[in-house]
Amino acid sequence: MAPAPDFGLFIEGKWVTPPNATRFTTSNPANGQVLASFVAATPREVDAAVRAAETAFPKWRSLPAPQRGEVLLRASALFRERKERIARVVTQEMGKVIAEGRGDVQEAIDFLEYMAGEGRRMFGETVPSELRSKFCLTVRQPKGVVACITPWNFPTAIPNWKIAAALVCGNTVVFKPASSTSLCAVEVVKVYEDAGLPPGVLNLVTGAGSAVGNALIDDPRVRAVSFTGGVETGRGVYLRGAQSLKAVHLELGGKNPMIVLDDANLPLALDGLLFGAFGTSGQRCTATSRLILHEKVYDTFLGMLDRAVAKLKVGDPLDPSTDIGPVASADQEKKILRYIEVGKAEAKLRTGGEKLTGGAYDAGFFIAPTVFETRHGTRISKEEIFGPVLSVIRVRDYDEAVRVANDVDYGLSSSIYTSDVNLAFRAMQDLECGITYVNAPTIGAEVQLPFGGIKSTGTGGREAGSVAIEEFTEIKTVFVDFSNRLQKAQIDAPVGE
Ligand code: NAD
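Residues take numbers from 1 onward in each chain, read along the sequence in its written order. Note on the predicted model: pLDDT of at least 70 is required for a residue's local features to be given, and 80 or more for side-chain atom pairs to be given and counted; whole-chain, interface and lining totals, by contrast, use all residues. Heavy atoms throughout the structure, all of them, feed into the side-chain values; hydrogens and water do not.

A. Summary view of the site of the ligand. Taken together, 27 residues lie around the ligand, and Thr150, Gly230, Thr233, Leu252 and Glu384 are the ones closest in. Lys176 places a side-chain nitrogen or oxygen 2.9 Å from an oxygen atom of the ligand. Contacts to the ligand include Ala178, whose backbone N or O atom sits 3.3 Å from an oxygen atom. Isolated, the ligand exposes 850 Å² of accessible area, and the fraction of that covered by the protein chains is 85%. For this classification, the nonpolar set comprises Ala, Val, Leu, Ile, Met, Phe, Trp, Tyr, Cys and Pro, the charged set comprises Asp, Glu, Lys and Arg, and every other residue, Gly included, is treated as polar. Across the shell around the ligand, the residue classes break down as 14 nonpolar, ten polar and three charged. We define proximity as follows: a residue is near a molecule or strand when any one of its heavy atoms falls within 4 Å of that partner. Side-chain atoms alone can form a polar contact between residues adjacent in sequence; in general such a contact is a pair of N or O atoms within 3.5 Å, and within protein one must be able to donate a hydrogen while the other accepts it. Shrake-Rupley sampling with a 1.4 Å probe provides the accessible areas, and residues are treated as covered by the protein chains on show and by no other component.

B. Representation of helix H2 (residues 65-94) in the model. Helix and strand labels come from DSSP, where a helix needs a run of H or I of at least four residues and a strand needs a run of E of at least two; each type is numbered from the N terminus. Expected helix span is computed as 1.5 Å times (number of residues minus one). Its 30 residues place the ends of H2 only 34 Å apart at the C-alpha level, less than the 44 Å of an ideal helix rising 1.5 Å per residue. Helix geometry: H2 is bent most strongly at Lys83, by close to 70 degrees. Looking one or two places after H2, you find Gly95, whose phi comes out positive at around 100 degrees. The reported bend at a residue is simply the angle between two axes, fitted to the 7 residues ending at it and to the 7 residues beginning with it.

C. Quick look at the pattern of salt bridges. Only one rule defines a salt bridge in this text: a Lys or Arg side-chain nitrogen within 4 Å of an Asp or Glu carboxyl oxygen. Under the definition given, this model contains 27 salt bridges. For Asp306, the salt bridge is made with Arg350, and the minimal N-O distance between the two is 2.8 Å. Separated by 44 residues along the polypeptide, Asp306 in helix H9 (residues 298-311) and Arg350 in strand S14 (residues 348-351) bring together distant segments of the chain. Between Arg426 and Asp430 there is a salt bridge, with the nearest N and O atoms lying 4.0 Å from each other. Placement of both Arg426 and Asp430 in helix H13 (residues 421-430) is noted, with a separation of four residues, approximately one turn of the helix. Working definition: with a 1.4 Å probe on protein chains only, accessible area under 20% of the residue-type maximum means buried, over 50% means exposed, and in between means partly exposed. A relative accessible area of 38% places Arg426 in the partly exposed class.

D. Here's a closer look at unusual backbone geometry. Its identity is not glycine, yet Asn20 carries a phi of approximately 55 degrees, on the positive side. We classify Asn20 as exposed; its relative accessible area is 78%. The backbone of Ser133 shows a phi angle near 50 degrees, a positive value even though the residue is not glycine. The class of Ser133 is partly exposed, set by a relative accessible area of 31%.

Here you go:
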């Protein structure tokens, strides 16, 4: 086996390794194989990365937005060329099955293409003036140096959601990925490098959230922080960013419900549930972690679920016949198993509930798909577990289903299966969250639509879709007076007098 490669930081267009750098490695959660080693950056390297981004900013912002979009198009073409190889890196470093590894890269490609077009839109407004011979408009301007801090669960898609949107708007970026998926981050940055992005426009600093993240957030030259991760980390980032009055955008966790009513197409709901709850081993922010099930179909549907779960194949994520790969890391495994113990104490375990052992399982972090029957209000029914663990809650009717669905701290995604069009439309209004699916599972974002949530899921903005640029631009309001005299708003000829 070839020795694991060493990577440096990417600062001012060069891969650099500081003298006496401390290094860390990433490994394959399916078999423990070490994949590569990376520099644990210190505040000194963060300073250099921010300086590079600050220096590159004036030139990059002055490039016309359509030309910035051209760089994104070149990057998307390179991702296409490298899709299979990078998808395998995603699967090997993070553990999602290979079809989902390809999906991760495809989402990056889709978003780059979508955002490249934004370079030719970036709409402002023209608005009438109350005065004669005066023209009023808004234009979008970049914020400056932006820090993009990302989690490990979509290690190519989420960085691209942030980086591509930030760049097309004219910002420069310091990118800090989750440590456990640093190799995916290197692949992402190499694509931008090869697409011809000028030096300093995108910089990569790998390393611990505490050291690198804090230094980035504290730096007064960083004007905005775009963060995706857990609620507690996000809260810390928000508080820290407030010290220097930074714009902080947070995309955090979820406890996403799927409501299955008594008139639902049950086989369809079952397919959606299996994908929503156990896809990516339940490690999606939009994963279906609660099944809110109508009492009239409760026993029938759970019987169907038991039989389907028993057929799921857990194993090598590179094997195309595998349904569920390992969870992403030893830490993830520990946390999920802890929640399973909590579940055993407060709810009824229906299936799974254990770490898989024996043979190839012993070298990785494999957890059996797990289903608990519980009442609403238990910890497993309200806290984000982020693993292949589903809580099933029995309800009497639509109203109780919605009450239960809404009674959690999070508000990211939701889904309802019903054939009653009136109830489907009511659910669109009643479910308190950023995303509602009708007759589809809670997962399945598309890049041309806004993505994000309410309550503890975030600060309220949205990524993706045409609104993605809100996070990365400031609105400048412009008044052009061509009357050749001083005109006074609100004072000269007030409207209605
Ligand atoms: P995490 O909060 O542990 O880490 C996220 C990132 O923050 C990592 O890069 C980490 O190194 C960094 N970090 C850690 N401490 C920091 C600090 N003090 N300052 C700055 N940065 C710091 O989250 P994770 O385990 O990587 O990801 C899982 C979480 O992400 C789940 O809660 C999941 O729901 C959430 N998530 C949300 C979305 C969304 O769009 N809403 C998408 C994917 C994942």
